[in-house]
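# Notes for the structure review
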Amino acid sequence: MGRIIVTEFVSLDGVMEAPGGGEGFRYDGWSFEIDRGEEGNQFKLDETRNSDALLLGRRTYEGFAAAWPSREGDFADKFNNMPKYVISKTLEKAEWNNSTVLSGDVTEEAANLRRTVDGNIVVHGSAQLVQTLLEHDLVDQLHLMVFPVVLGTGKRLFGATSDKKHLRLADSKVVGDGVVILTFERAESP
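What this report covers is the structure whose coordinates are included nearby. The structure displayed is predicted, hence computed values, not measured ones.

Of the two faces of strand 3 (residues 84–87), the one holding Lys84 and Val86 and the one holding Tyr85 and Ile87 are both buried throughout. Relative to strand 4 (residues 99–102), strand 3 runs parallel, the two sharing four bridges. Paired with lysine 84 across the strands is serine 99, a residue of strand 4.

Structure (structure tokens):
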């Protein structure tokens, strides 16, 4: 059985929009302004090496599909070659290598992936998808790389939920110029 792991770059005020740029956001590429250091870079590389598949929303998928095929190195090789699943009602065909479009109900598609993919199914970006997965208790682990900046505007990682969502802090560390890496696991209600 697979595990869904959500990994995000977020500001102190919870903004996750366009950390790498390219989306026309007022602060495009904001995460590049703060050094996450060698330990932070190694965390992202290890996270990618331990990924068995990607699950992405359409907008994030399209951004990744435009950027990653032309890149080289261990990180790019893993991204380009592993299975990728894109949740979309509008995308008819996914051109990026090893990509599959999932057009059914988001929660059913995600639950099915957990049953059929052995290993870590990693979600990057994909705000709307992540909020749906959190609402339906389909996130097994949450990796937050929190950057010491308040953006004041932008798409937030967490949206409204129908009830409290309990998490357990599994790990935390500070890397680079004050970037905090937090790893949470789903927890049962106290």
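Through backbone hydrogen bonds, the strands of a sheet pair up, either in parallel or in antiparallel fashion. Here eight strands make up an open sheet; going across it, the order is 4-3-2-5-1-6-8-7 and the pairing mixed. Looking along the sheet, the strands with just one partner apiece sit at the ends: strand 4 and strand 7 (167–175). Geometrically, the sheet is characterised by an average inter-axis angle of 20° between neighbouring strands, direction not taken into account. Of the pairings in the sheet, the one linking strand 2 (residues 53–57) to strand 5 (residues 120–124) comprises two bridges and is parallel in character.

For the structure on display, the rule yields eight aromatic pairs. Between phenylalanine 64 and phenylalanine 79, the aromatic rings sit 5.7 Å apart at their centres with planes inclined by 35°, giving tilted as the arrangement. Within this pair, whereas phenylalanine 64 is found in helix 2 (residues 58–67), its partner phenylalanine 79 is found in helix 3 (residues 74–81), the two being separated by 15 residues in sequence. Of the two residues, phenylalanine 64 and phenylalanine 79, both sit in the buried class. Connected via pairs of aromatic rings, a cluster forms that spans Phe64, Trp68, Phe75 and Phe79. Arginine 71 extends its terminal NZ or CZ atom over the ring of tryptophan 68, reaching a point 4.6 Å from the ring centre. In this structure, lysine 84 is placed above the aromatic ring of tryptophan 96, and the distance from its NZ or CZ to the ring centre is 4.6 Å.

In this structure, asparagine 98 takes a positive phi of about 60° despite not being glycine. Although it is not a glycine, serine 126 sits at a positive phi angle of roughly 55°. Within the secondary structure, serine 126 is located in the loop between strand 5 and helix 5 (127–135).

This part is about helix 4 (residues 106–116). Listed as buried for helix 4 are Glu109, Ala110, Leu113 and Arg114. Summarising the axial view, the buried residues of helix 4 lie within an arc of 140°, below the 170-degree limit, and thus occupy one face. Turned more than 90 degrees off the buried face of helix 4, the exposed positions are Glu108, Arg115 and Thr116.

Among the structural elements, methionine 1 can be located in the segment before strand 1 (3–11). A relative accessible area of 68% means that methionine 1 is categorised as exposed. Expressed as a C-alpha distance, the spacing of methionine 1 and leucine 113, which sit 112 residues apart in the sequence, is 8.7 Å. Residues within four places of methionine 1 in sequence aside, it is in contact with Arg114, Val117, Asp118 and Gly119.

Analysis parameters
Residues numbered from 1 in each chain as written. Predicted model: local features only at pLDDT ≥ 70, side-chain atom pairs only at ≥ 80, totals over all residues. Heavy atoms only, no water. Buried < 20%, exposed > 50% of the residue type's maximum accessible area, 1.4 Å probe, protein only. Helix = DSSP H or I, 4+ residues; strand = E, 2+ residues; numbered from the N terminus. Pairing = 2+ DSSP bridges. Axes fitted to C-alpha atoms, helices over the stretch in contact; angles between N-to-C directions. Phe/Tyr/Trp six-rings, centres within 6.5 Å; stacked < 30°, edge-to-face > 60°. Lys NZ or Arg CZ within 6 Å of the ring centre and 35° of its normal. Arc of directions from axis to C-beta. Contact = heavy atoms within 4.5 Å.

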